[in-house]
Amino acid sequence: MCPKSIAERQDSATSPVREDAVSGRSRAGGLDVGELLRRHRGENYDLHAQHVNPKFAKVLRILGFDHCYERAEGAYLWDAAGNRYLDCIGGHASVNTGRNHPVVKQALIDFLATDYPSLVQFDAPLLAGVLAAELKKRVGNDLDYVFFTNSGTESIEAAIKFAKCATRRSSIVYADHAFHGLTSGSLSINGEESFREGFGPLLPGCSRVPFNDLEALEQALSRKEVAAFVVEPIQGKGVNLPAPGYLERAAALCRKYGSLFVADEVQTGVGRTGTFLALEQEGDVQPDIVALSKSLSGGYVPVGAVLTRKSIWSRVFSSLDRAIVHSSTFHQGSLAMIAGLATLHVLDGEDLMGNAARMGGLLREGLEELLPRFEFMHEVRQRGLMIGIQLGEPKSLGLRATWSLINKADRNLFPQAVVIPLMDDHRILTQVAGHNLPVIKLVPPLVIDEGDVQ
Ligand code: PMP
């Protein structure tokens, strides 16, 4: 059962679950969703421990993150007792429009009501064409065709395959601390060794360079065996920002040595950093391939997209025989396309990119004001609403001893000692930004306001 939070014991608010939305609506013989939710209320962690992932259920219980959320709206989650939480994890940056956005929700409901076909497979689905055209308008850069996927890692898998096929080269270069997903191809270019343990051998010929190191990149590319350099414009693990000019010069080096420049905007894209792509803030960077996913889903329907140049695309899909040489059953499903279109509609209509820039700036200012007060806080890194708070060794002797003691036990402990009270005392969901990195990360939905920032 879900534990009672301190706040829950203090105020016994009634359940926020929207039973009115489902009760009595199910057709005779249909699945009664309201009844199902009521019958299993509070069983979240027990069911997970029994049937899904006992280890993760245990981790959440240890950290005190084992709340049972029953309602979500915008940047907030509510537990069964009606306690409200500010969600700065944002579904790992997959709910830029805010959770259960009424416009996205209505578009999906309206679409379902049409009984429009999906997954015909041997047709050219209308909505894929419409969404592809909308994405091209926003991404530009002479990227001519859009391949739809179902997730971030699938977008990267497609990018790897396209790059290898288009260049007839086999190796991929990636950055230290990179995260591109956990299927075998993406895992081969993961910058964190511990993710790979036990899953090898993976793709041969992948090599790692330090992020922001152009010399190392040039050395790797100069062998002229590299199909692509795959890079996140801002690294999700650690919220590492590119040095000024790094991405522009990296793309130029790729061109010089015949490698493709692949921008993994799975996390940074769809407005997160205040522009549709994070690359737009990096000068004249001309990517050959751009990978998207996460928030294109509207937080509802898994979807991803890979935008490529015609020259690349036509080497992959090079003949009628090869017209669907890369594909998958659920890619470009109609409901996913509607989720994407509704997301773009909300992003523009509510100026969420402008809000991300404004609220991100306010958050950085406020956090930077704290720097002189807290020796453990070293730096605030921010682009739009992608924020990393770097912790580190304090200056004063007494505090240094505490820092090294905690760090010696476990490098993840210190940032958890901030993340846990943020949850317990303030009901704010945050996360540690990566393995062994003392960085706290904030990627809230782009709908937050000044009150949330405060
Ligand atoms: N690329 C980046 C930059 C990501 O942040 C992620 C997910 N955190 C992925 C790829 C993989 O996406 P998914 O979890 O949808 O496979």
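Placed above this text is the structure.
These lines cover the structure that appears in this document, whether it is placed above or below. These numbers come from a predicted model, not from an experiment. (Residues numbered from 1 in each chain as written. Predicted model: local features only at pLDDT ≥ 70, side-chain atom pairs only at ≥ 80, totals over all residues. Heavy atoms only, no water.)

1. Regarding a nonpolar patch on the surface
- Among the surface-exposed residues, L31, V33, L36 and L37 lie close enough to one another that they form a single nonpolar patch of about 350 Å² accessible area.
- Take L37: it is sitting in helix 2 (residues 33-39).
- According to the relative accessible area criterion, L37 is partly exposed, its value standing at 48%. (Patch = residues over 30% accessible without salt bridge, like charges linked within 9 Å, V, L, I, M, F, W, Y side chains within 5 Å. Areas by Shrake-Rupley, 256 points an atom, 1.4 Å probe, with all protein chains shown as cover. Salt bridge = Lys/Arg side-chain N within 4 Å of Asp/Glu carboxyl O. Helix = DSSP H or I, 4+ residues; strand = E, 2+ residues; numbered from the N terminus. Buried < 20%, exposed > 50% of the residue type's maximum accessible area, 1.4 Å probe, protein only.)

2. Concerning the nonpolar core
- Core analysis: the largest hydrophobic core is formed by 90 residues, its most contacted members being L135, F148, F229, F261 and F276.
- If you tally residues by element for this core, the top one is helix 14 (residues 334-349), at 9 residues.
- Discounting residues that sit within four places of it in the chain, F229 has contacts with V173, Y174, A175, V209, L217, Y246, A250, C254, L260, F261 and V262.
- Within the second largest apolar cluster, 24 residues are counted, among which are Y174, I189, V266 and I289. (Core = buried A, V, L, I, M, F, W, Y, C linked by side-chain atoms within 4.5 Å. Contact = heavy atoms within 4.5 Å.)

3. Section: the packing of helix 11 (residues 214-221) against helix 12 (residues 246-257)
- As a packed pair, helix 11 and helix 12 sit with axes 10 Å apart at the nearest point and diverge in direction by 15°. With respect to each other, helix 11 and helix 12 are oriented roughly parallel. Of the two possible hands of crossing, helix 11 and helix 12 adopt the one that is right-handed. On helix 12, the residues touching L214, L217, E218 and L221 of helix 11 are Y246, R249, A250, L253, C254, K256 and Y257.
- Residues that form the contact of helix 11 with helix 12 fall into these classes: 8 nonpolar, no polar and 3 charged. (Axes fitted to C-alpha atoms, helices over the stretch in contact; angles between N-to-C directions. Parallel < 35°, antiparallel > 145°, perpendicular 65-115°, else oblique. Left-handed = near helix turned anticlockwise from the far one by under 90°. Nonpolar A, V, L, I, M, F, W, Y, C, P; charged D, E, K, R; others polar.)

4. Here's the deal with the sheet that holds strand 13 (residues 428-429)
- Spatially, 1-2-3-13 is the arrangement adopted by the 4 strands of the open sheet, whose pairing is mixed. Every interior strand has two partners, whereas the edge strands, strand 1 (69-73) and strand 13, have only one.
- As defined by bridge partners, strand 1 adjoins strand 2 (residues 76-79) across 4 bridges and the pair is classed as antiparallel. Across the sheet, residue E73 finds its bridge partner in strand 2, namely Y76. (Pairing = 2+ DSSP bridges.)

5. A word on the site of the ligand
- In the neighbourhood of the ligand, the contacting residues comprise S151, G152, T153, F179, H180, G181, E232, D264, V266, Q267 and K294.
- In this structure, a nitrogen atom belonging to the ligand sits 2.7 Å away from a side-chain N or O atom of D264.
- For the ligand, the accessible surface in isolation is 400 Å², of which the surrounding protein chains cover 79%.
- Here the shell around the ligand is composed, by residue class, of 2 nonpolar, 6 polar and 3 charged. (Near = heavy atom within 4 Å. Polar contact = N/O pair within 3.5 Å; in protein donor to acceptor, adjacent residues only side chain to side chain.)

6. Concerning the environment of G152
- Within the secondary structure, G152 is located in helix 8 (residues 152-167).
- Assessed through its relative accessible area of 15%, G152 is described here as buried.
- Residues G152 and L182 lie 30 residues apart in sequence; the distance between their C-alpha atoms is 9.5 Å.
- Apart from the residues lying within four places of it in its own chain, the contact partners of G152 are H180, V266 and S293.

7. A word on the packing of aromatic side chains
- Tallied over the entire structure, the rule returns 13 aromatic pairs.
- Ring plane angle 65° and centroid distance 4.9 Å describe the contact between W403 and F414, whose orientation is recorded as edge-to-face. Residue W403 is found in helix 16 (residues 397-409), and its partner F414 is found in helix 17 (residues 413-426); the two are separated by 11 residues along the sequence. Grouping residues by exposure puts W403 and F414 together as buried.
- Here the aromatic residues Y145, F147, F162, W313 and F317 are joined through ring pairs into a cluster of three or more.
- If you follow R84 out to its NZ or CZ, it ends over the ring of Y76, 3.8 Å from the centre.
- Over the ring of F179 we find K237, and its NZ or CZ is 4.9 Å from the ring centre. (Phe/Tyr/Trp six-rings, centres within 6.5 Å; stacked < 30°, edge-to-face > 60°. Lys NZ or Arg CZ within 6 Å of the ring centre and 35° of its normal.)

The values reported here are purely geometric and, on their own, carry no functional implication.
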